[in-house]
Amino acid sequence: MDTNGAMDLMWVLIAGSLVFFMQAGFTLVETGFTRSKNTGNIIMKNLMDFCIGSLAFWAVGYSLMYGDSTGFIGDISQYAFFDSAKDMHSLFFQTVFAATAATIVSGAIAERTKFSTYLIFSLLMTLIIYPISGSWVWNTGGWLNKMGFTDFAGSTVVHAVGGAASLVAAAMVGPRIGKYTDGKSNAIPGHSIMLGALGVFILWLGWFGFNPGSQLAISGDNAFAVAKIFITTNLAGAIGALAAMFVTWIFYKKPDISMTLNGVLAGLVGVTAGCAAVSPVGALFIGLICGIAVVFSIEFIDKKLKIDDPVGAVSVHGVCGALGTILVGLFATDGGLFYGGGFDKLIVQLTGVGAIVAWAMGASFVVLFILKKTMGIRVTKEEEIDGLDIHEHGTNCYND
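Below you will find a few notes about this structure. None of these values were measured; they are calculated from a predicted model.

1. Focus on the pattern of salt bridges
Applying the stated criterion across every chain, the model contains six salt bridges. D302 serves as the salt-bridge partner of K179, at 3.5 Å between the closest nitrogen and oxygen. Of this pair, K179 sits in the loop between α6 (155–173) and β1 (180–181) while D302 sits in helix α10 (residues 280–304); the two residues are 123 residues apart in sequence, bridging distant segments of the chain. Here D302 falls in the buried class, since its relative accessible area comes to 16%. Between E384 and R378 there is a salt bridge, and its shortest N-O distance comes to 2.8 Å. Under the relative-accessibility criterion, E384 is labelled buried at 3%. Owing to a relative accessible area of 26%, R378 belongs among the partly exposed residues under this scheme.

See below:
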């Protein structure tokens, strides 16, 4: 291997390590935005997402995603129980992405879901659901790849898949006790905005591996491409926070902290699809739109649909992931509608988002329906009231 090849390989591993650290960010956001009596349960779910996902994706998931494709699925035998020394860096990088898709669901169904049932769903997410739709886009033989669908780092492939699964899961498990009374939504405050804020900063840091790392190289002119992706990613997150803050300032009369934090994530999720395809100005617009959209989406899902999502995962990852991917059809400097490319790119983006979201929702429903009828997916009323830490894990994370 020459020097450039070694640099590229090391960049992928370093970027993958940053994405791995996002698991800590998700854990902190979810624990901070929920009640202290369920902290240990959330820690365990996020930990197991990565542990189970690492094994499942190594054994089968990577092969389904990157094996010789029929257009809809990779050859399951090609990379099963992966052992290709020259591609271990690729396996690691894709593994941390798969674990991210799985862990998004954890927050949406926090505080009332059986741990054992969640583990099975997490397994199937990284084993089957995520790899199949991922192969449509990131496998060169995938049908959406051949159509010219653009999702550079996973606004839809990772985030919208996790968000769509979260919507189905949250609807099927039902709201937390006391969330809705007489048709009215009641706030159930999380126990530590500080933990949530720290988690968002860690996730923002991790995104500098998530998006720039998806260039998969840093030698030669790739270095300029990576640097540009750092900027488009950062701008979108920053404007997303500002947008959410000012929207809440106008409508709530105060700049809301949790919504502003979710505005950061909304901007980052939204720009992930087009971070390499749009200009810095385009990234600003995508982050701005997503930062505004996330506030209204959280309100709509909570107060109109009456679906209880404690951390806003459906809106941040599902809605903004899909929206950001669609906006590539407008803002892509090569083929975007606003750059003289016509509607072709926009139609391809809409088609891809629709297909992937439909797959994620349909597959998640089938899995969760079977689990609900066999094992059950919700804890008892007593367990929910006392807290999952005590009943599911026999401990209390705040012993004092």
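2. Here's the deal with the nonpolar core
A general tendency of soluble globular proteins is for nonpolar side chains to be buried together. Core analysis: the biggest nonpolar cluster contains 98 residues, and F97, F121, Y130 and W138 have the highest contact counts within it. Those residues in contact with F97 that sit more than four places away from it in its chain are V19, Y130, W138, A153, V158, F210 and S214.

3. Points about helix α3 (residues 88–108)
If you check α3, its first and last C-alpha atoms are 32 Å apart, about what 21 residues at 1.5 Å a residue would give, namely 30 Å. Within α3, 18 of the 21 residues are buried, which leaves it mostly tucked inside the rest of the structure.

4. A closer look at the packing of aromatic side chains
With the rule as written, the count across this model stands at 21 aromatic pairs. Between F285 and F331 the ring centres are 5.8 Å apart and the planes differ by 10 degrees, which places this aromatic pair in the stacked class. Within this pair, whereas F285 is found in helix α10, its partner F331 is found in helix α11 (residues 313–331), the two being separated by 46 residues in sequence. Its relative accessible area of 7% is what places F331 among the buried residues. Relative to F369, the ring of F365 lies with its centre 5.8 Å away and its plane at 25 degrees, an arrangement referred to as stacked.

Rules of the game
Residues numbered from 1 in each chain as written. Predicted model: local features only at pLDDT ≥ 70, side-chain atom pairs only at ≥ 80, totals over all residues. Heavy atoms only, no water. Salt bridge = Lys/Arg side-chain N within 4 Å of Asp/Glu carboxyl O. Helix = DSSP H or I, 4+ residues; strand = E, 2+ residues; numbered from the N terminus. Buried < 20%, exposed > 50% of the residue type's maximum accessible area, 1.4 Å probe, protein only. Core = buried A, V, L, I, M, F, W, Y, C linked by side-chain atoms within 4.5 Å. Contact = heavy atoms within 4.5 Å. Expected span 1.5 Å × (residues − 1). Phe/Tyr/Trp six-rings, centres within 6.5 Å; stacked < 30°, edge-to-face > 60°.

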